[in-house]
Amino acid sequence: MDLKHIGRVTEHFPMKEVTSFKIGGPVDYFIEPKTEEELIRALLRLEEEKIPWMIMGKGTNMVVSDKGIRGAVIRIGEFFEKVTVEGDRVIAEGGASMRSVAEAAQRESLTGLEFAHGIPGGVGGAMTMNAGAYGGEMKDVVESVRVLHANGKVEELSNEELHFEYRNSRVYTDHLIVLSTTFLLKSGDSERIQEEMDDLWNRRTTKQPLEYPSAGSTFKRPVGYYAGQLIDQAGLRGLRHGDAQVSEKHCGFVINRGNATCQEVVELIRTVQEAVYQKHGVELETEVKVLGEQ
């Protein structure tokens with residue numbers, strides 16, 4: 001493949017270096033465009049040569065196969081992190097962290113994004129899965145999203161057109177790339193906003209195993225239940241498969257104790273799903289995405 005003018009390209013790049021789980025074999029092409037123009041060129045080049053591709057941001061909701069990924073991974077990262085504030089709107093590029101977006105809102109006394117302060121991923125991933133925490137979701141604060149289609153077309157989609165659902169959106173189902181997002185917020189008191197963010201951050205750090213690599217909450221919340229509670233009641237707290245473990249701190253997390261493999265994580269997830277179904281008759285659906293060559 002002609003690698004000119006499509007950004008920073010690394011062949012056979014180890015995905016474990018850019019995922020929060022610290023797991024994953026090499027991808028054939030790891031592409032980091034520096035501008036929207038390079039991003040579009042990269043996308044069209046890959047489509048023309050029929051090379052499979054996927055988009056990633058902060059890598060916080062994925063576990064990559066030990067065999068790696070065939071094709072290309074396009075990372076929307078350090079070159080797409082600009083955050084600006086215009087009145088009661090915050091405009092953030094796809095690679096910006098949700099933490100930085102929430103902090104920008106707080107500095108301008110804008111309320112509505114406090115819940116997102118502790119979400120570990122970026123704007124693009126948050127739009128993809130309608131990320132949420134502590135009662136808030138992206139659908140509550142997003143006005144519109146600029147997206148890139150596989151054919152190179154750039155389009156602005158309204159909140160309604162994004163079809164936000166629980167941990168899903170049109171960004172995911174239509175394989176779209178998030179260029180930027182406009183959040184519509186309300187005026188508030190900056191000190192109270194900071195206090196709320198600090199409180200939520202403290203709750204997160206005391207209750208979640210942030211000291212270990214993971215992909216955050218492993219399972220979606222089943223209707224009427226809490227995944228972590230069901231797992232604990234099934235007697236699985238601390239269960240290990242190799243270096244993959246059900247967190248003793250929060251059973252809703254599968255963590256990497258050091259050198260876990262994707263296979264160990266996947267097998268542990270299956271064990272948990274089977275045990276919870278046998279104990280409670282509840283099917284746990286994964287929130288984390290397993291990617292790559294199986």
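Residues numbered from 1 in each chain as written. Predicted model: local features only at pLDDT ≥ 70, side-chain atom pairs only at ≥ 80, totals over all residues. Heavy atoms only, no water.

Draft legend 1. Quick look at the sheet that holds strand 16 (residues 244-246). Spatially, 15-16-17 is the arrangement adopted by the 3 strands of the open sheet, whose pairing is antiparallel. Edge positions in the sheet fall to strand 15 (240-241) and strand 17 (254-256), since each of these pairs with one other strand and no more. In this structure, strand 15 lies alongside strand 16, joined through 2 bridges in antiparallel fashion. Paired with Arg240 across the bridge in strand 16 is Gln245. Relative to the sheet, helix 7 (residues 262-280) contacts strand 15, strand 16 and strand 17, its axis offset from that of strand 16 by approximately 25°. (Pairing = 2+ DSSP bridges. Helix = DSSP H or I, 4+ residues; strand = E, 2+ residues; numbered from the N terminus. Contact = heavy atoms within 4.5 Å. Axes fitted to C-alpha atoms, helices over the stretch in contact; angles between N-to-C directions.)

Draft legend 2. Quick peek at the side chain of Thr182. The residue Thr182 is located in strand 13 (residues 177-184) in this model. Leave out the neighbours within four places in its chain, and Thr182 touches Arg89, Val90, Ile91, Val141, Val142, Glu143, Ser144 and Glu156.

Draft legend 3. Main features of the packing of helix 2 (residues 98-107) against helix 5 (residues 190-207). Running from N to C, helix 2 and helix 5 cross one another at 155°; their axes reach a closest spacing of 9 Å. Between helix 2 and helix 5, the crossing angle belongs to the class labelled roughly antiparallel. The residues of helix 5 that touch helix 2, namely those facing Arg99, Ala102 and Gln106, are Ser190, Ile193, Gln194, Met197 and Trp201. (Parallel < 35°, antiparallel > 145°, perpendicular 65-115°, else oblique.)

Draft legend 4. Main features of the pattern of salt bridges. For the structure on display, the rule yields 20 salt bridges. Here Arg170 and Asp174 are joined by a salt bridge, their closest N and O atoms 2.9 Å apart. Salt-bridge contacts for Arg240 lead to Asp243; the nearest nitrogen and oxygen are separated by 2.8 Å. One continuous salt-bridge network, built from bridges that share partners, spans Glu137, Lys139, Asp140, Arg167 and Glu287. (Salt bridge = Lys/Arg side-chain N within 4 Å of Asp/Glu carboxyl O.)

Draft legend 5. Representation of the UniProt feature "active site" (unreviewed entry) in the protein chain. In the numbering used here, UniProt assigns the "active site" (unreviewed entry) feature to Arg167, Ser217 and Glu287. A maximum C-alpha distance of 11.5 Å among these annotated residues, which run over 121 residues, shows that they cluster at one spot. Mapping Arg167 onto the fold places it in the loop between strand 12 (154-158) and helix 4 (170-173). Assessed through its relative accessible area of 14%, Arg167 is described here as buried. (UniProt positions renumbered as here; feature names shortened; annotations may be inferred. Buried < 20%, exposed > 50% of the residue type's maximum accessible area, 1.4 Å probe, protein only.)

Draft legend 6. Quick look at the domain arrangement of the protein chain. Examined at the domain level, the protein chain breaks down into domain 1 (8-75), domain 2 (83-207) and domain 3 (227-291). Each side of the interface is counted separately: domain 1 has 10 residues, and domain 3 has 13 residues. Buried surface at the junction of domain 1 and domain 3, both sides included, amounts to about 990 Å², of which 64% is carbon and sulfur. Sorting the residues of domain 1 by area buried against domain 3 places Phe21, Asn61 and Val63 first, and these three jointly supply 55% of that buried surface. The tally of links between domain 1 and domain 3 comes to 0 salt bridges. For the interface between domain 1 and domain 3, the tally reads 8 residue pairs in polar contact (both at pLDDT 80 or more). The dominant element in the side of domain 1 that touches domain 3, judged by the number of residues it contributes, is strand 4 (residues 62-64), at 3 residues. A per-class count over the side of domain 1 that touches domain 3 returns 6 nonpolar, 2 polar and 2 charged. (Domains from an automatic or database assignment. Buried area = accessible area lost by both parts, 1.4 Å probe. Polar contact = N/O pair within 3.5 Å; in protein donor to acceptor, adjacent residues only side chain to side chain. Nonpolar A, V, L, I, M, F, W, Y, C, P; charged D, E, K, R; others polar.)

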